[in-house]
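Okay, here's what each chain looks like letter by letter:
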Amino acid sequence: MKKVKHEVDDLKNKFLNLKQNILRQPMQIPQMGFSDHTLHNLSLIPESYASSRKNSKIDGDEDENSTKLSDQEILESTEAIYFTDNVDMELYEIKKLTESGEPLKLEQIEENMANLKGQHKVISKKVLQLILEKKSECNREFQNVNETEKMLQETIWTTQKARSYLNFAKKHLTTSSLEILGAYKKRQTLVDLLEILKFIQELKSTNQNIEELLKVGSYSEAISLLLQNKNLSEKYSEYTCTESFKQKLQDTLDTTEIALDNALNGITQKFDPKVYSELINAYKLLGKAHLAMDQLHMNFISAIHTSAFNVLKENLDQIASDQKLLFEQMCESLNYENLPNCLNRLCKSFWRILVCYYQVKLWHQNYKLYKNQEQTTSDAKEQDNETFNDEYIQEKLKKGQIRIWSDIQAKMTIFISSTKLSQLKYESFIQILSIVQRMKKVGYEFCDDNSQKMLESMKNQCIEFFKRYHVTCLDEINLFIEHEVWVQVQCFNSVLQLQEYKSTKRAIKRYSNDKKSVNESPATTAVLSVNNSPTKRALDDSSVNSQDESSIYGSCGYFVRFSEKSSPFEIPFDQKMLEEDFLAGIADETSCYYSEDSSDNDNDNITQINNNNNNNNDNLSSMTVNNTSLNILRIIGRYLQMCRLLYAIAPHIIYSMTELIDFYLYAIYEIFAKDLSVPSEALHSSELTNNLKRISETVISKMRKWPPSMQMIEYDLKDSEQFFALSKRINAVESCNSIIEQFTFIHGYLDHLIESTKATAEEVESEHQSLKIYINEMTKCVEDVRKPIYIAVTSRAIDIHTTIMSINKVKWDIGHVMVEHNAYVDVLNRSSQLFAMRLEEMSSSITIPKEALWDSYAHVVTHVLVEGFANAKKCSAAGRALMQLDFTHFLSVLVTLSGTKHTQHQQYVDQYIKAFYLGSALEEFITTQKAYSSKHMVGLINCACNDKKLRQKLLNLVESMNETKN
């Protein structure tokens, strides 16, 4: 009932407020004497009176206009304070009268009262008008209030009746309800007690359950169970028995965190996605996700140092158990024979660490993508937390990559710098280079690092190794020369057949197509023509394309191809993988990858060329090489491999290649050109002399043993039955020429290696020019060295002394020209025929350079003729004609036998014979012709000059020229 009464009172108050609001619209009624009784009486004015008032207003319209105007002015002139509540108007009016400070006047007070009454009257009229306008609405509201009061009375009656019924029910149900509530309370107490007992029982088995979860790797579930029980123990902390359980839970939590740290440390050696996921979730439950990442990076760094020390300890022969050595000291203590195996094991241990880190980073990248797809269902705050955690982890992993690789590179640099790599054998050192090259590629794939410190250290070791190895190679060539039999090795057409060029084969062919050789042998040209055919190029292109798309060695990185269970550092090394390492040394050579199929194709092409040569009986036979020259080409191939792995010192290695060729050329000259039976001054060109001097100063000075022993060849050089070892001389000279041809063949690839260095454009251009000049000079030098070596044989093909004596017996001061040539010409012709027969006999076993041999033979004979003609005491015009007749007959036979016109040697004899006719112009001939000796000039002067003064003048000129020359 109280509630109903309260609601009725609220409705009444609302009605009175509504009434007051209606009375106050559109302006507030000033407090000027209107009482509530007056306002109530005004509200009860009948509508008929209001309507009559309106009609009266209409009738007196004109009079009211003036009144309305004055009323409006009065209303506007009324001060606003009169419309304000809670203001004492009497006090306000008194203050207004006393503000001026003058004495009050009755007239003024009356005037103010009149104004106030006028304003009151106008405002009353205005209020009355507003009340009349709102009367209909007020009546409706009163009617609604009456209806509401009636409904309230009915509601009160209904409520009273309901309460009477409730009192009746209360008396009958109170007792039974209290009994039910008491029973329910007991039941609820027992349920709570059972929950507590169940929780205590679960606490007892928590440790065992957690141990089982940790054994199976359910770290997140174990942590969740621990935290749940810990929170429950806080809830039931009022029970004494839970205190001991709470302490056990804390101890178990500490033990579990230690187990988590151990499992996290195991990630550095073996990455398991499931285990790592459990660990990350467990650390997130503990609120230590960031600390876990920091700890993981510390574990990786610690694993690097621990693995490095363990590998070196296993490879040290003798070390005390209590002796503590630094990593650098351990490296210095390693046996150099175990260095490749030790470095390989070290890189394998580093690889396991790197691949685990790589998989951790990959896991977080995949997890981030998965989270981005799942974030639509989570709230904004959780999304922000996940985003912050992901950004922190990604940034930590990115910085950790650089730190981890920096530590590994530091260990590798110390190992390379502290060990005795320069003492290794070539195969072991190449294996070291291959391992370092793979490690460089691993670092580039891991964090885009070029490993400059490691490569610089390896470069210094390579320079030291190469200096020692180069001297060893020179000694090896010297040993080969001492035991060389100077016999041609059959079935050799190109360096591409050699195993040392297997990995560079395609690159050499590629760059040899861009740069044509200066002088190409027929066999090399044939090989290139086959390899450059449209069909072969199509096969090569398809092979390269297939390799780039599907080859396991060329299309994928190490982190895709291998895992922590396998690595790119397995021993024994696969040959293809070794070749891949060589190709990795130069950025643009991945297209030059070598395959077995291409090797078979190339061998088939070379075999086909040889078959065609045999069928067509042409000159495209095997190149002239011997064991020594073949070994030099193999050494150059090994040098090429080192160039590709350490292209920073490629110019130095290429220069060493030229020293190998220089040494071989100098050795051939010393062995086969020192037994000349004629003066050698006229046989040496200025280029040959300068080059021999240069080689003696730069290369021979490095030799540990010089000159080489000649026991194997000394007898043959003096044996006339073997034609003074002409076949061996040919093999030696032409094998040197073959080396130059093959070096020219790889010239384009050498230029490419030079361009791959980090030198300036000027330095690269200078190296290009030096290499080009060297090839041109050596090509000319080999041609020049043929002359003294072959003349050492051709000078013995005729009896020089007997021939000169026969020429001296001829009388050249005859009076008429004879029809027949002299007898010595027949002797020379017979010697020429025997020489041709010898060459024909030798051609069945070796390739004969006929042009060079016949040129040497012509050189010897023509110089013998000039020597004999210069011995003439007197010579008439008929005698000079006889000289020309003898030489012409001999030359015709020589041209027929050799098949070559020896123009240079013909001019040598013709000019000397014609000089007898020069007379006064003989002085110019003496000063301009340098090919003749002073003896030749003296004999010419004695025979051609009858004037004693002119003869003496010319003799003095020859003597002065001879002194100047000496």
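Residues numbered from 1 in each chain as written. Predicted model: local features only at pLDDT ≥ 70, side-chain atom pairs only at ≥ 80, totals over all residues. Heavy atoms only, no water.

A. Fine view of the overall build of the protein chain. When its secondary structure is counted, the protein chain shows 37 helices and zero strands. A burial count over the protein chain gives 44% of its 966 residues as buried. Here the contacts in the protein chain between residues at least 6 apart in sequence split such that 81% fall between residues at least 24 apart. Carbon and sulfur atoms provide 52% of the accessible area of the protein chain, an area that totals close to 51,900 Å². (Helix = DSSP H or I, 4+ residues; strand = E, 2+ residues; numbered from the N terminus. Buried < 20%, exposed > 50% of the residue type's maximum accessible area, 1.4 Å probe, protein only. Contact = heavy atoms within 4.5 Å. Areas by Shrake-Rupley, 256 points an atom, 1.4 Å probe, with all protein chains shown as cover.)

B. The side chain of Thr794, seen in detail. Looking at the secondary structure, you find Thr794 in helix α29 (residues 761-794). Assessed through its relative accessible area of 1%, Thr794 is described here as buried. Those residues in contact with Thr794, other than ones at most four positions away along the chain, are Phe835, Leu853, Ser856, Tyr857 and Val860.

C. A look at the nonpolar core. Counting 219 residues, the largest nonpolar core has Tyr276, Met439, Met657, Phe743, Trp812 and Phe869 as the members making the most contacts within it. For Phe869, the residues in contact, after removing those within four places along its chain, are Ile807, Trp812, Tyr824, Met883, Val909, Tyr912 and Ile913. Ranked by size, the runner-up nonpolar core spans six residues in total, among them Val122, Ile123, Val127 and Ile131. (Core = buried A, V, L, I, M, F, W, Y, C linked by side-chain atoms within 4.5 Å.)

D. Seen up close, the confidence of the model for the protein chain. Confidence in the prediction for the protein chain averages 77 pLDDT; 76% of positions are at 70 or higher. Every residue in residues 517-555 scores below 50 in pLDDT, and together they form 64 contacts with partners more than four places removed in sequence or on other chains. For residues 574-620, every residue scores under 50 in pLDDT, and the model assigns this stretch 94 contacts once sequence neighbours within four places are set aside. (pLDDT = per-residue confidence, 0-100.)

E. The arrangement of helix α32 (residues 850-870) in detail. In this model, α32 (21 residues) spans 30 Å end to end at C-alpha, consistent with the 30 Å of a helix rising 1.5 Å per residue. Within α32, 17 of the 21 residues are buried, which leaves it mostly tucked inside the rest of the structure. (Expected span 1.5 Å × (residues − 1).)

F. Structural detail: the packing of aromatic side chains. Summed over the entire model, instances satisfying the criterion amount to 27 aromatic pairs. Summarising the aromatic geometry, the rings of Tyr426 and Tyr469 are spaced 5.2 Å apart at their centres and angled 20° between planes, so their arrangement reads as stacked. Here Tyr426, found in helix α15 (residues 426-447), pairs with Tyr469, found in helix α16 (residues 452-482); they are 43 residues apart in sequence, far enough to count as distant. Since its relative accessible area comes to 9%, Tyr426 is described here as buried. Residue classification places Tyr469 among the buried positions, given a relative accessible area of 8%. Considering the side-chain rings of Phe465 and Tyr469, the 5.4 Å spacing of their centres and the 10° angle between planes classify their relative orientation as stacked. Here Phe465 and its partner Tyr469 are both found in helix α16, four residues apart, which amounts to about one turn of the helix. For the pair shown, Phe465 and Tyr469 are each scored as buried. Through pairs of rings, three or more aromatic residues link up here, namely Phe300, Trp351, Tyr357, Tyr358, Phe446 and Phe559. Directly above the ring of Phe327 sits Lys411, whose terminal nitrogen or CZ lies 4.5 Å from the centroid. (Phe/Tyr/Trp six-rings, centres within 6.5 Å; stacked < 30°, edge-to-face > 60°. Lys NZ or Arg CZ within 6 Å of the ring centre and 35° of its normal.)

G. Fine view of a nonpolar patch on the surface. A cluster of nonpolar side chains, Leu190, Leu193, Leu194 and Leu197, forms an exposed patch at the surface whose accessible area comes to about 400 Å². Its place among the elements puts Leu190 in helix α7 (residues 135-216). (Patch = residues over 30% accessible without salt bridge, like charges linked within 9 Å, V, L, I, M, F, W, Y side chains within 5 Å. Salt bridge = Lys/Arg side-chain N within 4 Å of Asp/Glu carboxyl O.)

H. Layout of the packing of helix α23 (residues 627-645) against helix α28 (residues 747-755). Axis separation between α23 and α28 bottoms out at 10 Å; the angle between their running directions is 30°. Overall, the two elements α23 and α28 adopt an arrangement that is roughly parallel. The way α23 lies across α28 gives a crossing that is left-handed. Residue-level inspection shows Leu640, Cys643 and Arg644 of α23 in contact with α28, the latter providing Tyr749, Leu750 and Leu753. Of the residues contributing to the contact of α23 with α28, the split by class is five nonpolar, no polar and one charged. (Axes fitted to C-alpha atoms, helices over the stretch in contact; angles between N-to-C directions. Parallel < 35°, antiparallel > 145°, perpendicular 65-115°, else oblique. Left-handed = near helix turned anticlockwise from the far one by under 90°. Nonpolar A, V, L, I, M, F, W, Y, C, P; charged D, E, K, R; others polar.)

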